[in-house]
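Here's the letter readout for the chains.
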Amino acid sequence: MNRQFETSKEYAMHLDLIDPLASFRDEFYLDPETIYLDGNSLGLLSKRAEASLLSSLEDWKQYGIDGWTKGVTPWFTLSEKLGALTAPLIGAQADEVIVTGSTTINLHQLTATFYHPSEQRTKILADELTFPSDIYALQSQLRLHGFDPEQHLVQVKSRDGRILEEDDIIASMTDEVALIILPTVLYRSGQILDIPRLTKEAHNRGILIGFDGCHSVGAVPHYFDEWDVDFAFWCNYKHLNAGPGSVAGLYVNKRHVGILPGLTGWFGSKKDKQFDMEYTFSPAQGAGSFQIGTPHILSMAPLKGSLELFAEAGIERIREKSLICTQYFSDLIESELAGLGFEIGHPREDKRRGGHICLEHLEAARICKCLKEEKIIPDYREPNIIRLAPVALYNTYLEVWETVQTLKRIVKDKQYEKFENKREVIA
Ligand SMILES: *Cc1c(COP(=O)(O)O)cnc(C)c1O
């Protein structure tokens, strides 16, 4: 959409005044001196997430082992309950979603389940811009089948190092491909892939397709059932604010109900059979069967409070504000930072732009260090990328405006020269 913004501070304050989600900011722990723009790497703690974590701790204190079946949210069914609460964010039915594992583990689980090489179809199709952990996982899955990843993992190339063209991906869907794994939103440029189109083209060629939703779940609505995606997986610590290392999520389309998980364990059992302790595995119906061992209750508990906030705010409204914020950010950068060496790396079109913006600059590493010194928290990615996420539930338009003014000062006055142009341990 082509929105028009003014560049004044008063206008930023006006946008905050008319922001329908403004009240959600009070739900979060924010340092009033700091502008936090790293919610796409680690979302902030909300009071609700804290409360649901404390409630699970309280259940442990009070009930000991009986916390599995007693208390406000009995632990034995917490993964299923949180799956059901996540379902509206991804356009799925409750029993197609489960909260379990981590992103990388879930990718292993789903690849172990859905990658069935045949004589002709042995290859896995991914892309060259995806998150490295996904590639490591796919390489090892290929090795487990006795295949050389060099030959059997195909990574679609980007024409400009930022964006993937759907046409290029589709052209790589050959009759040697057994499985496709792609990101919903690219972690650097923030590009959204055309998931329904890619899914349709994959299915037309008899190929299964799954998506890594780490950078989209909680920022962008998904309609996985309607799009007929085979499976998906994501983390809950980025846009979903469930805390560092919080337990992840996975979705398996109901079309695949009954498929035996590649990696099985007792928590994938039918709930009423699990404690029969039989040596024959009785898998749960639906996504629950993809669980492996005992759920990490304390790493999962904050998600409950957090998902309540998402239900109240509504993912469509979150997306609407996020799109306005990222376009406002880009427009201000173009008008205020012209001639200062910045390039915009994210897509301009709404339908191709995720929840963060991507700024490129030769001095990106030390510009990020300067921003931090100014109490603005960005996210640096090698070699020249500054990612900034204006999060709909807790960032303001005024913060976006102030960030652009600070960037201008840092680069105009070469304030960054006092730092080395090198990343920190956690960039
Ligand atoms: C953050 C992220 C991961 C991280 O995987 P973990 O197993 O949670 O450490 C994987 N893939 C993508 C696309 C990510 O953005």
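Predicted model only: the values in this text are computed from it and were never measured.

Enquirer: Now, about the packing of aromatic side chains: what can you tell me, with residues and values included?
Expert: For the structure shown, the criterion picks out 15 aromatic pairs. The interplanar angle of 10° and the centroid separation of 4.9 Å between the aromatic rings of Phe114 and Phe231 together place this pair among those described as stacked. A residue pair is termed long-range when its members are at least 10 positions apart, and Phe114 in helix α4 (residues 103–114) and Phe231 in strand β7 (residues 231–234) qualify at 117 residues. By the burial criterion, Phe114 is buried, and Phe231 matches it. Ring centres of Trp266 and Phe267 lie 5.2 Å apart, and the angle between their planes is 85°; on these two criteria the pair is classed as edge-to-face. Among the residues examined, Trp266 registers a relative accessible area of 35% and is labelled partly exposed. These aromatic residues form a ring-pair network of at least three members: Trp68, Trp75, Phe76, Trp266, Phe267 and Phe275.

Enquirer: Give a detailed account of the domain arrangement of the protein chain, specifying residues and quantitative values.
Expert: Split into domains, the protein chain comes out as domain 1 (9–30 + 315–418) and domain 2 (50–312). Domain 1 and domain 2 are separated by 29 Å when their C-alpha centres are compared. Contacts between the two partners involve 29 residues from domain 1 and, on the opposite side, 27 residues from domain 2. Between domain 1 and domain 2 the total buried area reaches about 2,300 Å² when both faces are included, carbon and sulfur atoms providing 53% of it.

Enquirer: Which residues make up a nonpolar patch on the surface, and what are the values?
Expert: Taken together, Leu54, Leu57, Trp60 and Leu298 make up a surface patch of nonpolar side chains, about 380 Å² in accessible area. Among the elements that take part in the nonpolar patch, helix α2 (residues 47–63) stands out by supplying three residues, more than any other. Turning to its location among the elements, Leu57 is positioned in helix α2.

Enquirer: Account for the site of the ligand, with residues named and values stated.
Expert: All residues in the neighbourhood of the ligand are listed as Ser102, Thr103, Thr104, Phe131, Asp134, Asp212, Cys214, His215, Tyr237 and Lys238. In the model, an oxygen atom of the ligand is placed 2.6 Å from a nitrogen or oxygen of the Thr104 side chain. Taking Asp212, its side chain carries an N or O atom lying 2.8 Å from a nitrogen atom of the ligand. Relative to its unbound accessible surface of 390 Å², the ligand loses 86% to contact with the protein.

Enquirer: With reference to specific residues and values, describe unusual backbone geometry.
Expert: Most peptide bonds take the trans form, and the phi angle of most residues other than glycine is negative. Omega for the bond connecting Glu382 with Pro383 falls within 30 degrees of zero, at -10°, which places this linkage in the cis form. Mapped onto the elements of the fold, Pro383 is located in the loop between β12 (379–381) and β13 (385–388). Unlike most non-glycine residues, Asn241 shows phi in positive territory, near 55°. In this structure, Asn241 sits in the loop between β7 and β8 (249–252). Its relative accessible area of 2% is what places Asn241 among the buried residues. The backbone of Met277 sits at a positive phi, close to 55°, despite the residue not being glycine. Assignment of secondary structure puts Met277 in the loop between α10 (271–274) and α11 (297–313).

Enquirer: So, the UniProt feature "modified residue: N6-(pyridoxal phosphate)lysine" (unreviewed entry) in the protein chain: which residues are in play, and what are the values?
Expert: Summarizing the sequence annotation, UniProt attributes the feature "modified residue: N6-(pyridoxal phosphate)lysine" (unreviewed entry) to Lys238 in the numbering used throughout. Secondary-structure assignment places Lys238 in the loop between β7 and β8. Among all residues touching Lys238, those that are not within four sequence positions of it are Gly39, Asn40, Ser41, Leu42, Gly43, Cys214 and His215.

Enquirer: Can you tell me about the sheet that holds β13, naming the residues and giving the values?
Expert: As a general point, the strands of a sheet are linked pairwise by backbone hydrogen bonds and lie either parallel or antiparallel. Reading across the sheet, the four strands line up as β9-β10-β13-β12 and stay open at both edges, with antiparallel pairing between neighbours. Pairing within the sheet leaves two strands with one partner each, and these edge strands are β9 (343–344) and β12. Relative to β13, strand β10 (residues 357–360) runs antiparallel, the two sharing four bridges. Bridge assignment links Ile357 to a residue of β13, and that residue is Leu388. Sheet strands touched by helix α12 (residues 315–336): β9, β10 and β13. Its angle to β10, the strand with the most contacts, is close to 20°.

Enquirer: Describe helix α8 (residues 195–204), naming the residues involved and giving the relevant values.
Expert: Residues of α8 that are buried include every one of Ile195, Leu198, Thr199 and Ala202, and no others. Along α8, the residues classed as buried sweep out an arc of 100° about the axis, all on the same side. Residues of α8 that are exposed and angled more than 90 degrees away from the buried face: Lys200 and Asn204. Residues of α8 that are buried make contact with α7 (166–171), β5 (177–183), β6 (208–212) and α9 (224–227). At the exit of α8 stands Gly206, carrying a positive phi of roughly 75°.

Enquirer: Give a description of the UniProt feature "binding site: pyridoxal 5'-phosphate" (unreviewed entry) in the protein chain that names residues and reports values.
Expert: On the UniProt side, "binding site: pyridoxal 5'-phosphate" (unreviewed entry) is annotated at positions that read Thr103, Thr104, Phe131, Pro132, Ser133, Asp134, Asp212, His215, Tyr237, Trp266 and Thr294 here. These annotated residues cover 192 residues of sequence, and their C-alpha atoms reach 30.2 Å apart at the extremes, leaving them scattered rather than at a single site. Within the fold, Ser133 resides in helix α5 (residues 132–144). Taking the relative accessible area as the measure of exposure, Asp134 reaches 4% and is therefore buried. Non-local contacts of Asp134, meaning those with residues more than four positions away in its chain, are made with Leu107, Asp212 and Phe233.

Enquirer: Before we move on, could you go through the sheet that holds β7 and cite the residues and values that matter?
Expert: An order of β2-β8-β7-β6-β5-β3-β4 is seen for the seven strands of this open sheet, with the pairing classed as mixed. Only two strands of the sheet have a single neighbouring strand rather than two, namely β2 (97–99) and β4 (153–156). Averaged over neighbouring strand pairs, the angle between their axes works out to 20° when direction is ignored. Of the pairings in the sheet, the one linking β6 to β7 comprises three bridges and is parallel in character. When the bridges of β7 are listed, Asp212 appears paired with Phe233. Packing against the sheet, α4 makes contact with β3 (123–127), β5, β6, β7 and β8, and its axis sits at approximately 165° to β7.

Here is what the cut-offs are and how they apply
Sequence order as written defines residue numbering, which begins from 1 separately in each chain. Totals for whole chains, interfaces and linings use every residue, but because this is a predicted model, local features are given only for residues with pLDDT of at least 70 and side-chain atom pairs only at 80 or more, for both listing and counting. Side-chain numbers here rest on the full set of heavy atoms in the structure, without hydrogens or water. Think of it this way: a Phe, Tyr or Trp ring, Trp meaning its six-membered ring, pairs with another when their centres are within 6.5 Å, and the plane angle makes it stacked under 30 degrees, edge-to-face over 60, tilted otherwise. By definition, any uninterrupted DSSP run of H or I lasting at least four residues is a helix, any uninterrupted run of E lasting at least two residues is a strand, and each is numbered from the N terminus. Exposure is judged per residue with a 1.4 Å probe applied to protein chains only, and the accessible area is read against the type maximum: over 50% gives exposed, under 20% gives buried, and values in between give partly exposed. What counts as a domain boundary in this text is fixed by an automatic or database domain assignment. In what follows, a contact means two residues having at least one pair of non-hydrogen atoms within 4.5 Å. A simple way to read buried area is as the amount of 1.4 Å-probe accessible surface that goes missing from two parts once joined, with both sides added. Any residue with relative accessible area above 30% and no salt bridge may belong to a patch, with like charges joined within 9 Å and the nonpolar Val, Leu, Ile, Met, Phe, Trp and Tyr side chains within 5 Å. The Shrake-Rupley method, run with a 1.4 Å probe sphere, supplies the accessible areas, and residue values consider only the shown protein chains as cover. The term salt bridge refers to a side-chain nitrogen of Lys or Arg lying within 4 Å of a carboxyl oxygen of Asp or Glu. Residues are classed as near a molecule or strand on a simple rule: at least one heavy atom within 4 Å of it. Here a polar contact means two N or O atoms within 3.5 Å. Within protein one must be a hydrogen donor candidate and the other an acceptor candidate, and residues neighboring in sequence count only if both atoms are side-chain atoms. UniProt positions are given in the numbering used here, feature names are shortened, and annotations may be inferred rather than shown by experiment. For two strands to be treated as a pair, DSSP must find at least two bridges joining them. For helices, the axis comes from a line fit to the C-alpha atoms of the stretch in contact; other axes are also lines fit to C-alpha atoms, and the angle between any two N-to-C directions lies between 0 and 180 degrees. Arc definition: directions from the helix axis to the C-beta atoms.

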